[in-house]
Amino acid sequence: MDEQKEIRILAIESSCDETAAAVVVNGRDVRSNVISSQIPLHTLYGGVVPEIASRKHIEKINLVIEQALSDAGMTLAEIDAIGVTYGPGLIGALLVGVAEAKAISYAAKIPLVGVHHIEGHISANYIENKDLEPPFLCLVVSGGHTHLVRVCDYGRYEILGRTRDDAAGEAFDKVARAIGLGYPGGPKIEKIAKEGNPEAIAFPRAKVSGGAYDFSFSGLKSAVLNYLNGCRMKNLPICEADVAASFQQSVTDVLVEHAMRAVEEYGMDKFAIAGGVAANGTIRSAMKAACEKKGVRFYHPSPILCTDNAAMIGTAAYYDFIAGRRSGLDLNAVANLKLGES
Ligand code: KG4
Ligand code: ZN
């Protein structure tokens, strides 16, 4: 029998506040996925402190990589390529992963593949949806990004829209802080929103002129802050659950409206969601319902593959690797790396 060679990628992710490593075989078979989260540490400061993030990555990175290899039952000698996030993200945090990947690549003579973080988030959809192939439309919503992307092929993307100001996750985090829920805001807003009425407060649904698919969340965030300040000044009671539910509904409506308009205009029959905010149950259900109405297949990763992880980086690196793309030992971290830019 013709035995096909397995391609084994060791992937590293350190762009923000998770130190992560994974082993992914043939792009979609995750053999290990180790995530060391710094969230409890940053919670003390109400958000990610870049200097602390870099230091923690340095402390954890070797342990996390060793754990990923051991969970996969593999040694470096069995790895075909190292995939690493080289941007966008916090520069000091990215540098830790990139330096580590380059050192392993050099010492063990293993090819290196630099991966774009958003390409990783999009690729998370391939892991549990073995049938998913481009072309499809993907909405990437995280703490740093809100991008509506047409995935034309593996490694080929067209950005249809992006946020003009705050990312969707950033808006969740800022509103959560204003209500007094703490960091990270997304899961906390989602939790208390379950007790609230999404129609209690009419927060705005921003339309952006000049970019059909662009987003803006800073006006919504200001509207929530103004509402809270207004209540406090007038000594009116604030129902946090109603504020959270109404805010979440406003974000959901805008995301769904943009996504479905693009699905229609581009005649897409597959739609995927990715990034930390894609873990949100209300957003997922609304997207699913909207897709079903249009006869469009809806894809989403499990919550653990929505937030930052290295398995998604391994998947993206695999498709780059089989397309012949390699990075040199001069690979550098790029804080504001654009999608589709190498
Ligand atoms: O993808 P991610 O881990 O990191 C970035 O690349 O930014 O996303 C983190 C973001 C945070 O803003 C967090 O509040 C948000 O994702 N998030 C959520 C949920 N879980 C995480 N937002 C809404 N609902 C959630 N359940
Ligand atoms: Zn991310």
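All of these numbers come straight from a predicted model, not from anything done at the bench. (Residues numbered from 1 in each chain as written. Chains lettered and ligands numbered in written order. Predicted model: local features only at pLDDT ≥ 70, side-chain atom pairs only at ≥ 80, totals over all residues. Heavy atoms only, no water.)

1. A few points about the domain arrangement of the protein chain
Split by domain assignment, the protein chain resolves into domain 1 (8–124 + 306–322) and domain 2 (134–301). The interface is formed by 18 residues belonging to domain 1 together with 21 residues belonging to domain 2. When the two sides are added together, the surface that domain 1 and domain 2 hide from each other amounts to roughly 1,500 Å², 73% of it contributed by carbon and sulfur. Linking domain 1 with domain 2 are zero salt bridges, by the criterion used here. Inspection of the region where domain 1 meets domain 2 yields five residue pairs in polar contact (both at pLDDT 80 or more). (Domains from an automatic or database assignment. Contact = heavy atoms within 4.5 Å. Buried area = accessible area lost by both parts, 1.4 Å probe. Salt bridge = Lys/Arg side-chain N within 4 Å of Asp/Glu carboxyl O. Polar contact = N/O pair within 3.5 Å; in protein donor to acceptor, adjacent residues only side chain to side chain.)

2. A short note on the site of ligand 1
Taken together, 20 residues sit near ligand 1, with Gly143, Asp173, Gly186, Glu190 and Asp308 positioned nearest. The separation between an oxygen atom of ligand 1 and a polar main-chain atom of Gly144 is 3.1 Å. One of the backbone N or O atoms of Gly276 is found 3.0 Å from an oxygen atom in ligand 1. Relative to its free-state accessible area of 560 Å², ligand 1 is covered by the protein chains to the extent of 90%. Mapped by element, the contributors of at least two residues to the shell around ligand 1 are helix H4 (117–128), helix H5 (168–179) and helix H6 (185–193). It is H6 that contributes the most residues to the shell around ligand 1, four residues altogether. (Near = heavy atom within 4 Å. Areas by Shrake-Rupley, 256 points an atom, 1.4 Å probe, with all protein chains shown as cover. Helix = DSSP H or I, 4+ residues; strand = E, 2+ residues; numbered from the N terminus.)

3. Points about helix H9 (residues 281–294)
Over its 14 residues, H9 runs 20 Å from end to end, which matches the ideal 20 Å to within 8%, given 1.5 Å per residue. Looking only at H9, the buried set comprises Ile283, Arg284, Met287, Ala290 and Cys291. One side of H9 holds all its buried residues, which, seen down the axis, span an arc of 135°. Counted as exposed and oriented over 90 degrees from the buried face of H9: Glu292 and Lys293. As for H9, its buried residues are in contact with strand S6 (136–141), H5, helix H8 (240–265), strand S9 (270–274), strand S10 (297–299) and helix H10 (303–306). Residue Gly295 follows H9 closely and has a positive phi angle near 70°. (Expected span 1.5 Å × (residues − 1). Buried < 20%, exposed > 50% of the residue type's maximum accessible area, 1.4 Å probe, protein only. Arc of directions from axis to C-beta.)

4. Observations concerning the nonpolar core
Membership of the largest hydrophobic core comes to 47 residues, with the highest contact counts inside it found for Leu139, Phe247, Leu255, Phe271 and Met287. Secondary structure elements with two or more residues in this core: S6, H5, H6, helix H7 (218–233), H8, S9 and H9. Once you skip the residues sitting within four places of it in the chain, Leu139 turns out to touch His147, Leu148, Phe215, Leu255, Phe271, Ala272, Ile273, Ala274 and Met287. With 35 residues, the next largest nonpolar core counts Ala11, Phe136, Val151 and Leu305 among its residues. (Core = buried A, V, L, I, M, F, W, Y, C linked by side-chain atoms within 4.5 Å.)

5. Here we look at unusual backbone geometry
In this chain, Pro134 is followed by Pro135 through a cis amide linkage whose omega measures 5°. By the element assignment, Pro135 lies in the loop between H4 and S6. Residue Asn26 is not a glycine yet carries a positive backbone phi of 50°. Mapping Asn26 onto the fold places it in the loop between strand S2 (18–25) and strand S3 (29–37). Residue class for Asn26 comes out partly exposed when judged on its relative accessible area of 34%. If you check the backbone angles, Lys109 has positive phi at about 55° while not being a glycine. Structurally, Lys109 is set in the loop between helix H3 (91–108) and strand S5 (112–116).

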